[in-house]
Amino acid sequence: MPAFPHLEHDTKTDVLVIGGGLAGLLCAYTLAQRSMNYLLIESDTICSGISRNTTAKITSQHGLIYNKLIQNFGVDLARMYWEANQAALERYRHLSKAFPCDFEAQPAYVYSIKEANVLEKEMHALEQIGAGAEYVDTLPLPLPVTGAVKFENQAQFHPLQLAAGISRNLNIREHTAARAFEGNVVLTDYGKITASKIIVATHFPLINKHGAYFIKMYQHRSYVLALEHTPELDGMYVDEAKTGLSFRRYQNLLLLGGGSHRTGKQGGNWTELQSFARTYYPDAQERYRWSAQDCMTLDAVPYIGQYSRNTPNLYVATGFNKWGMTSSMIAATLLSDMAEEKETPYAAVFSPSRTVLRPQLLSNVSSAAVNLLSVSKHRCPHMGCALKWNPQEHSWDCPCHGSRFTEDGTLLDNPATDDLKRNES
Ligand SMILES: Cc1cc2nc3c(=O)[nH]c(=O)nc-3n(C[C@H](O)[C@H](O)[C@H](O)COP(=O)(O)OP(=O)(O)OC[C@H]3O[C@@H](n4cnc5c(N)ncnc54)[C@H](O)[C@@H]3O)c2cc1C
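Values in this document were obtained by computation on a predicted structure and should not be read as measured data. (Residues numbered from 1 in each chain as written. Predicted model: local features only at pLDDT ≥ 70, side-chain atom pairs only at ≥ 80, totals over all residues. Heavy atoms only, no water.)

A.B. asks: Tell me about a negative patch on the surface, residues and numbers included.
C.D. replies: A cluster of acidic residues, Asp102, Glu104, Glu232 and Asp234, forms a negative patch at the surface. Relative to the helices and strands, Glu232 is located in the loop between β11 (218-228) and β12 (236-239). Of the residues examined, Glu232 reaches a relative accessible area of 68% and is grouped as exposed. (Patch = residues over 30% accessible without salt bridge, like charges linked within 9 Å, V, L, I, M, F, W, Y side chains within 5 Å. Areas by Shrake-Rupley, 256 points an atom, 1.4 Å probe, with all protein chains shown as cover. Salt bridge = Lys/Arg side-chain N within 4 Å of Asp/Glu carboxyl O. Lys, Arg positive; Asp, Glu negative; His and termini not counted. Charge placed at Lys NZ, Arg CZ, Asp CG, Glu CD. Helix = DSSP H or I, 4+ residues; strand = E, 2+ residues; numbered from the N terminus. Buried < 20%, exposed > 50% of the residue type's maximum accessible area, 1.4 Å probe, protein only.)

A.B. asks: Describe in detail the site of the ligand, supporting the description with residues and values.
C.D. replies: Around the ligand, the surrounding shell holds 35 residues, and the nearest of these are Glu42, Ser51, Thr55, Asp294 and Met325. One of the backbone nitrogen or oxygen atoms of Ala56 is found 3.2 Å away from an oxygen atom of the ligand. Going through the elements one at a time, α1 (22-33), β15 (285-296) and α8 (324-339) are the ones with two or more residues in the shell around the ligand. Per element, the largest residue contribution to the shell around the ligand is three residues, and it comes from β15. Taken together, the residues of the shell around the ligand break down into 14 nonpolar, 17 polar and four charged. (Near = heavy atom within 4 Å. Polar contact = N/O pair within 3.5 Å; in protein donor to acceptor, adjacent residues only side chain to side chain. Nonpolar A, V, L, I, M, F, W, Y, C, P; charged D, E, K, R; others polar.)

A.B. asks: Hey, could you go over the environment of Lys377 for me, with residue numbers and the actual values?
C.D. replies: For Lys377, the position within the fold is in the loop between α10 (359-373) and β18 (388-390). Its relative accessible area of 67% is what places Lys377 among the exposed residues. Put simply, Lys377 and Leu387 are 10 residues apart on the chain and 7.6 Å apart in space, counted from C-alpha to C-alpha.

A.B. asks: Now, about the layout of surface pockets: what can you tell me, with residues and values included?
C.D. replies: Quantified by volume, the second largest pocket comes out at close to 360 Å³. Of all the secondary structure elements, the ones that give two or more residues to the lining of the second largest pocket are α5 (159-167), β13 (246-250), β14 (253-262) and β15. Across the lining of the second largest pocket, the residue classes break down as 10 nonpolar, four polar and two charged. (1 Å grid on protein atoms, 1.4 Å probe; cavity = no way out; pocket = protein on both sides within 12 Å on 5 of 7 lines; lining within 4 Å. Points joined across faces, edges and corners; volume = space filled by probe spheres on them.)

A.B. asks: Tell me about the state of the cysteines, and please be specific about residues and values.
C.D. replies: Scanning the entire structure with this criterion turns up one disulfide. Cysteine Cys101 shares no disulfide, and the gap to the nearest cysteine sulfur, in Cys47, comes to 12 Å. The cysteine Cys380 is free of any disulfide, with Cys398 supplying the nearest cysteine sulfur at 4.3 Å. With relative accessibility at 3%, the residue Cys380 sits in the buried group. (Disulfide = S-S within 2.5 Å.)

A.B. asks: Can you explain the packing of aromatic side chains? Please cite residues and give values.
C.D. replies: Per the stated rule, a full pass over the model turns up 13 aromatic pairs. Pairing Phe276 with Tyr281 gives two aromatic rings, centres 6.2 Å apart and planes at 65°, and the pair type is edge-to-face. A relative accessible area of 10% means that Phe276 is categorised as buried. Assessed through its relative accessible area of 8%, Tyr281 is described here as buried. Feature note: the residues Tyr66, Tyr81, Phe151 and Phe350 constitute an aromatic cluster, connected by ring pairs. The positively charged end of Lys216 is found above the aromatic ring belonging to Tyr213, 4.5 Å away from the centroid. In this structure, Arg289 is placed above the aromatic ring of Trp270, and the distance from its NZ or CZ to the ring centre is 4.4 Å. (Phe/Tyr/Trp six-rings, centres within 6.5 Å; stacked < 30°, edge-to-face > 60°. Lys NZ or Arg CZ within 6 Å of the ring centre and 35° of its normal.)

A.B. asks: Talk me through α8; I want residue IDs and the actual numbers.
C.D. replies: Here α8 spans 21 Å end to end across 16 residues, near enough to the 22 Å set by a 1.5 Å rise per residue. Positive phi shows up at Glu341, right after α8, with a value of about 60°. (Expected span 1.5 Å × (residues − 1).)

A.B. asks: Pulling in residues and values, what's your account of the packing of helix α2 (residues 65-73) against helix α3 (residues 75-98)?
C.D. replies: The description of two packed helices rests on the angle between their axes and on the distance between the axes. One way to put it is that α2 packs onto α3 with a least axis distance of 7 Å and a crossing angle of 140°. Considering the angle they form, α2 stands oblique to α3. Where α2 crosses over α3, the handedness of that crossing is right-handed. Contact residues: α2 offers Ile65, Tyr66, Leu69, Ile70 and Phe73, while α3 offers Val75, Leu77, Ala78, Tyr81 and Trp82. Among the residues making up the contact of α2 with α3, the classes are represented as 10 nonpolar, no polar and no charged. (Axes fitted to C-alpha atoms, helices over the stretch in contact; angles between N-to-C directions. Parallel < 35°, antiparallel > 145°, perpendicular 65-115°, else oblique. Left-handed = near helix turned anticlockwise from the far one by under 90°. Contact = heavy atoms within 4.5 Å.)

A.B. asks: So, the sheet that holds strand β21 (residues 411-413): which residues are in play, and what are the values?
C.D. replies: Overall, antiparallel pairing links the four strands, which are arranged β18-β19-β20-β21 in an open sheet. What marks the edges here is a single partner per strand, and that holds for β18 and β21. Neighbouring strand axes in the sheet, compared pairwise and without regard to direction, differ in orientation by 35° on average. Examined bridge by bridge, strand β20 (residues 404-406) and β21 share two bridges and lie antiparallel to one another. Of the residues in β21, the one forming a bridge with Phe405 is Leu411. (Pairing = 2+ DSSP bridges.)

Below is the structure:
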């Protein structure tokens with residue numbers, strides 16, 4: 001990855017992007033393409049967060065989302081969600097020509113191992129919105145499936161290659177964390193940044209005062225094994241169940257994902273994947289493994305737009321529900337349009353200020369209440385929830401909002417912004 005210096009003194013910019021993951025970088029790239037004055041700050045190095053640990057399927061097929069979208073928002077909005085994601089996929093296709101990134105067109109499949117009727121309902125929803133999809137009965141996977149919904153001409157790629165390519169000439173300061181906000185001024189360790197517009201792309205948004213993201217989201221962890229000596233596999237596959245498996249190839253490796261669970265709770269983790277590999281790919285050898293987590297919203301739609309109703313010049317891109325490739329690209333267009341004060345077609349679909357009255361809200365609130373009252377050796381500096389020890393990854397994890405810390409208290413994942421030790425001493 002290209003390297004960038006830290007900020008050196010107080011500065012002014014029209015648009016400040018905070019966070020150099022895929023969402024922030026694509027925003028900065030789009031602003032640069034439009035000749036806008038911008039600056040991106042990253043607390044560590046670019047793509048050192050979740051974007052380096054993704055499986056990088058670029059698709060508008062986000063599990064079985066379209067039936068849910070029609071039920072919650074109606075056919076028109078569901079169609080707009082699909083169109084926005086298809087447009088994002090096409091922008092990747094276009095970008096990959098200028099910035100080689102192992103981009104490969106592939107079909108995407110969502111399968112079920114239990115229920116055929118959820119797939120049938122999804123097919124019906126897709127017909128209603130006019131998205132071409134095909135129902136298939138069998139898949140080239142070792143596990144028995146009841147069927148699958150297929151989207152043609154989706155894609156997979158190498159996100160770090162793309163990120164390296166697009167960022168090379170961008171105005172970026174690394175090792176420059178946003179520490180505090182005073183209106184339109186952002187404080188860092190190296191000076192103040194005064195910005196007319198601010199885009200928060202820090203994965204979990206870092207301002208608690210507005211937007212109530214701490215009740216609108218939780219984080220969900222997933223695990224990946226990269227396996228050698230497995231059969232060739234075309235296509236990208238994901239189980240419709242939240243705790244199911246995911247498959248794609250990268251060169252000679254099969255990327256097997258799964259073992260997922262809410263951060264701070266028990267789950268299958270790598271053990272489940274290793275056991276699956278032993279049973280179904282007995283010749284496989286584990287070459288790499290990694291894990292990461294993503295922000296999950298109340299209704300499975302990302303929050304992209306104005307941070308809250310009363311913060312007109314503050315924007316956010318978060319809650320990608322493990323579909324952050326197309327969502328980051330949508331954020332880049334939508335937020336650049338907003339920063340330019342232009343009409344933008346999909347603002348209503350992704351508006352962070354839409355209703356919070358969803359069943360998941362109760363679950364988030366009750367989980368927060370339980371964990372605020374629980375006893376633990378460590379409490380999260382974010383909001384005081386009891387941290388849970390994660391024996392697989394040797395970390396202290398927050399079940400409320402997903403902050404994570406190493407055994408010795410160093411911050412691993414936000415929304416917390418401080419190490420444990422500093423706070424507890
Ligand atoms: C295991 C796994 C597999 C996935 N697979 C897919 C997939 O196949 N397809 C798909 O579409 N999506 C997938 N996703 C989702 C996708 O990877 C994420 O949604 C996406 O990478 C998030 O990007 P981001 O830019 O929001 O966050 P990040 O990449 O985490 O970037 C946020 C950046 O902000 C920086 N930051 C934080 N705080 C500050 C601060 N105060 N000041 C400055 N900078 C700050 C961080 O250091 C970080 O670099 C997957 C997710 C997981 C967990």
